[in-house]
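Overview (structure and organization)
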Amino acid sequence: MKRTFFTLVLALSAVFAQPLKVAILWHQHQPPYENPVTGQYEGPWARMHGVNDYPWMAEVLKEFPEIKVTFDYTSTLLKQIEDYLSGKAKDAYWRVSEKPLEELSPEERAFIVERFFDINPRFVEKSPRYKELQAKKIRGETFADQDLQDLRVLWNLYWINVDYIERDPGLRALYRKDRGFTQEDLAYVLKKHLELMATILPLHKELWERGQIDLITTPYYHPILPILLDKEAIRESNPALALPKEPIAWPEDAAWQVRAGRDYFQKLFGKAPTGMWPPEGAVSQKAAELYAEEGIGFLVTDEAILGKSGFPVNPATLTRLYRVEKEGKQVVLFFRHRDLSDRIGFSYSQMPAERAVEDFIGALLEIRRQVIGQNPNAVLTIALDGENAWENYPNNGNDFRRLLYKRLAEEQKKGTLETVLFSEVLNLPSLPIARLGTGGWAGDFAMWAGEPEENEAWDRLSRARQAVLAYQAQGGDPQVVEKAMGLIYAAQASDWFWWYGQDTGFPNNPPFDEAFRAILQAVYQTLGQKPPEELYIAVRPPVQPQGTPGRVKPNLDGRAEAEEWKGAAYLPDPDGTTMQTQDDLIQGLYLGFDEQHVYLRVDLRDGLQARDLVGQGYRLHVYATTPNEEGGAAFPEGGEVSLGFPLQQRITLDFNQVKEGQAVLVRYAYREGAWVLASSPADLAGRRAFLDQVVEMRIPYTTLKAEAGDTLRLAVVLEKEGRILDTAPNGNPLALALPQRLSGKEVLVVKDPEGDEHGPGTYTYPKESAFAPFQGLFDLLEMRILDGGATWTFVFTFKEMTNPWGAPAGFSHQLINVYVDFKEGGKTETFAKGAKVAFDPEHPWDLFLKAAGWPQYGQRVGFPDGTDTADGVVVASNPADKQVILQVDKKYFNPAPGQKVCFYVLVGSQDGYGPDHFRPVGKEAGPWNLGGAQNEDAPLVVDYLWPEKGVQEAMLSQYGGGKYAVLKPYCVAWP
């Protein structure tokens, strides 16, 4: 009996003595920056990370030989490294850096001033000269030759990892010199760039050969593989996402991408990778089966996919291995711990390295405590971007990374933690997955599909591929087909689609849009065909005017009376004030509306009256989109410069037809490559233009084919005798969101104090200009609830509302979380980790509503069991009235009259990369984070609905010591 007992004790001791295995994956990737038409490189980011992150990430591991990690290197990044070292690649920043000052064109000098501040502000702050130059740029001052020279050297120098600067006497001397640089100094820095990049592959090969690291890769062009297999994967990842219209189901392309990535990797490193990081962590059942068929041993993806695959997401499930099988072949799956991965990627940069590392190690040890008894072979996966986080850390993140590896090594010696390679643990027991969920590291595919611009990009790609297949079917030259398909493969990269739509921090980045369209143009040109007009339509985000277009009722007489246009947005036309030419006649635009009309006012440059242009052949055109219509012209008549959107209709004012200061506007529609008259007499009386000092125009909704709730893109073009003289805006459209018509009986109104968007009383706005006017954006003034019969409509009114990033719902900043307690049971923690608050135990919530400007960030209904859906919920806005509108089906919430209903209404700052899309709060405000937090337990709530002043602050300030602030709900008897 005693022997059995001691045997059991020894066995249990052995189990609990097992370390938690920790598998760390650093994903290294850059999209292709080579222009397929010119062959020139544009973006410098493979080079910049190649002198900062890639060599250092490998080299630092030599200081910790007991630590094991896995690196993923994509083919597109590896090829660019090779091209730099061979001399083929010289990006646009390099080209203007090495060029002698006297040979720089005015455009190149402007490029240096504009783009050589593309670096984290932390680095600018380190250099007195860099700060001085930045202040000079902000003031709009002209840069002298020495200014440009210093700026070129500082930008190229400060991208180098500070450890490399300190160890190189030449770089260290330039770092301390700080100004007065020469062309020889610049040449030295660029030479060091190539020397550092030349160490990247040898360092990784050395570490791989000695077994300290593993190297894996991705399918060649980094495509979102599930979409190439079945476009329904988009909707499977999120039912709320719209699908492209054209067919996208190309298993043969997906297989080519997997094989090409593996083969290129093997050519460089001498052996094939054991596993792959699926691009964007994107997987599905079909995709996993393809990887298995191609002999890929393992994949790493996000924990959300485990949940979608029917497993609860918790430490016990996340530390197990899984597999997908097909016809005797299998691929093993590891699911990353999202929170811990994201802490490194986003949160720890705001903390001292010591505290951040101890937080991470403590979390790992707590997970070990929870799981090791049941699963001695537990493997926890940490996977994240290995390049972009570090510039946000103090000292480039070098201190954090060194200390992280040091602490992991110490825990390894204790036997509590063990860093492992994924390839080392593939033989551990794994659980079969009957059907793998669909999604990626962001959960769904909303970053790459679903918005109109994204889906149009997929459709354009699909149509180009169809053209290649048609050429092949007609007996076309096989070599031409091979070349054209190579371009098609390149256009399948996830990066192109990521930049489209309004859900990125930098929507519709022009170089990416131009490069993507250039690839598709090259497909048709390779086939000997003329590219379709759609490929010349630039896709640009709307400009942000001063103010939001709102309600106006001007007295239309052509007089410049500011009070009449007080509710309108104003867009100054830069060409009308600086670098003015004889043809730059437009000084600015006013844009507003009422319940039936859109109003435009066009001001001409100083000294010029609109009436002076009458009878001289001038025409003023308003180009616009038509709601729910496809196609459109690439360029306005008489020009070859895109206005940044498809031109589907044109409203024309002919200055020769003005009589006594008044004219009727004429509508044209774009049909089959031509502008055709499309005016209807039905609203003729509503269409008017009035000319005197300025041009004032009234355009009925019916003329624009628009209704309440529609969003239009538009621009104004001034033309004379077929020649375009001026456009406003220049290359980007204006956006006009016509207000929703709210209907329903008002059942509840709750006011909130003005000026309390400071959380616990200490919070301050981020410093980036996108947060202007730096007050009111998060200041909730009122919540109204309307009874619409089958739905409830929640209307949240704010002090200010802007849309600098062009969110499709019409607002960019506000993130609203509503928790409702109206029945027994419920939950006292937030639906997802993010807001950093808890709820009153006496009022656990039963329903969660989330609203943000992007569907994937906030158009959800959630429940205490952790499930959520986009079904039955609609998020919209009335920007003119500064209202966020959330409509929800009564099947989720329909209390009886007199029933007690309690609301927790939280307002945060929306951040696509933040925890549950909340923007972080640091001790000090930065460009992109709020300030005023006392410690890491600070709530991410900027305003909280409560009618009485001071209550919000009292509740939200009770945090710290590992505890979150506990909120009390606002309760009412339901009317």
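Presented here is an overview of the structure given in this document. (Residues numbered from 1 in each chain as written. Predicted model: local features only at pLDDT ≥ 70, side-chain atom pairs only at ≥ 80, totals over all residues. Heavy atoms only, no water.)

**So, the packing of helix α9 (residues 145–158) against helix α12 (residues 183–197)**
How two helices pack is summed up by the angle between their axes together with the distance between the axes. Remark: α9 packs on α12, axes separated minimally by 10 Å, with the N-to-C direction vectors making an angle of 20°. Compared by their axis directions, α9 and α12 come out roughly parallel. Viewed along their axes, α9 and α12 form a crossing whose handedness is left-handed. Contact residues: α9 offers Q149, R152, V153, N156 and L157, while α12 offers Q183, L186, V189, L190 and H193. Here the residues of the contact of α9 with α12 sort into 5 nonpolar, 4 polar and 1 charged. (Axes fitted to C-alpha atoms, helices over the stretch in contact; angles between N-to-C directions. Helix = DSSP H or I, 4+ residues; strand = E, 2+ residues; numbered from the N terminus. Parallel < 35°, antiparallel > 145°, perpendicular 65-115°, else oblique. Left-handed = near helix turned anticlockwise from the far one by under 90°. Contact = heavy atoms within 4.5 Å. Nonpolar A, V, L, I, M, F, W, Y, C, P; charged D, E, K, R; others polar.)

**Digging into the pattern of salt bridges**
For the structure on display, the rule yields 76 salt bridges. In this structure, E246 and R463 form a salt bridge, with 3.2 Å as the shortest nitrogen-oxygen distance. In this pair, E246 sits in the loop between α15 (232–237) and α16 (251–269) while R463 sits in helix α23 (residues 452–473), placing the two residues 217 residues apart along the sequence. The partly exposed category is assigned to R463, whose relative accessible area is 24%. (Salt bridge = Lys/Arg side-chain N within 4 Å of Asp/Glu carboxyl O. Buried < 20%, exposed > 50% of the residue type's maximum accessible area, 1.4 Å probe, protein only.)

**Here we look at the environment of K553**
Here K553 shows up in the loop between β11 (550–551) and β12 (569–572). On a C-alpha basis, the gap between K553 and K21 in space is 68 Å, while along the polypeptide they are 532 residues apart. The contact partners of K553, leaving out residues within four places of it in the chain, are E564, D594 and Y599. In this structure the side chain of K553 is engaged in a polar contact, spanning 2.8 Å, whose partner is the side chain of D594. (Polar contact = N/O pair within 3.5 Å; in protein donor to acceptor, adjacent residues only side chain to side chain.)

**Section: the pairing of strand β6 (residues 321–326)**
Pairing of β6 with strand β10 (residues 430–432) involves 3 bridges; the strand directions are parallel. Bridge pairing in β10 links R323 to P432. For β6 and strand β7 (residues 329–336), the ladder comprises 5 bridges, and the chain directions are antiparallel. If you follow Y322 over to β7, its bridge partner there is L333. In this antiparallel pair of consecutive strands, β6 and β7, the connection spans 2 residues, and E327 shows a positive phi of 50°. (Pairing = 2+ DSSP bridges.)

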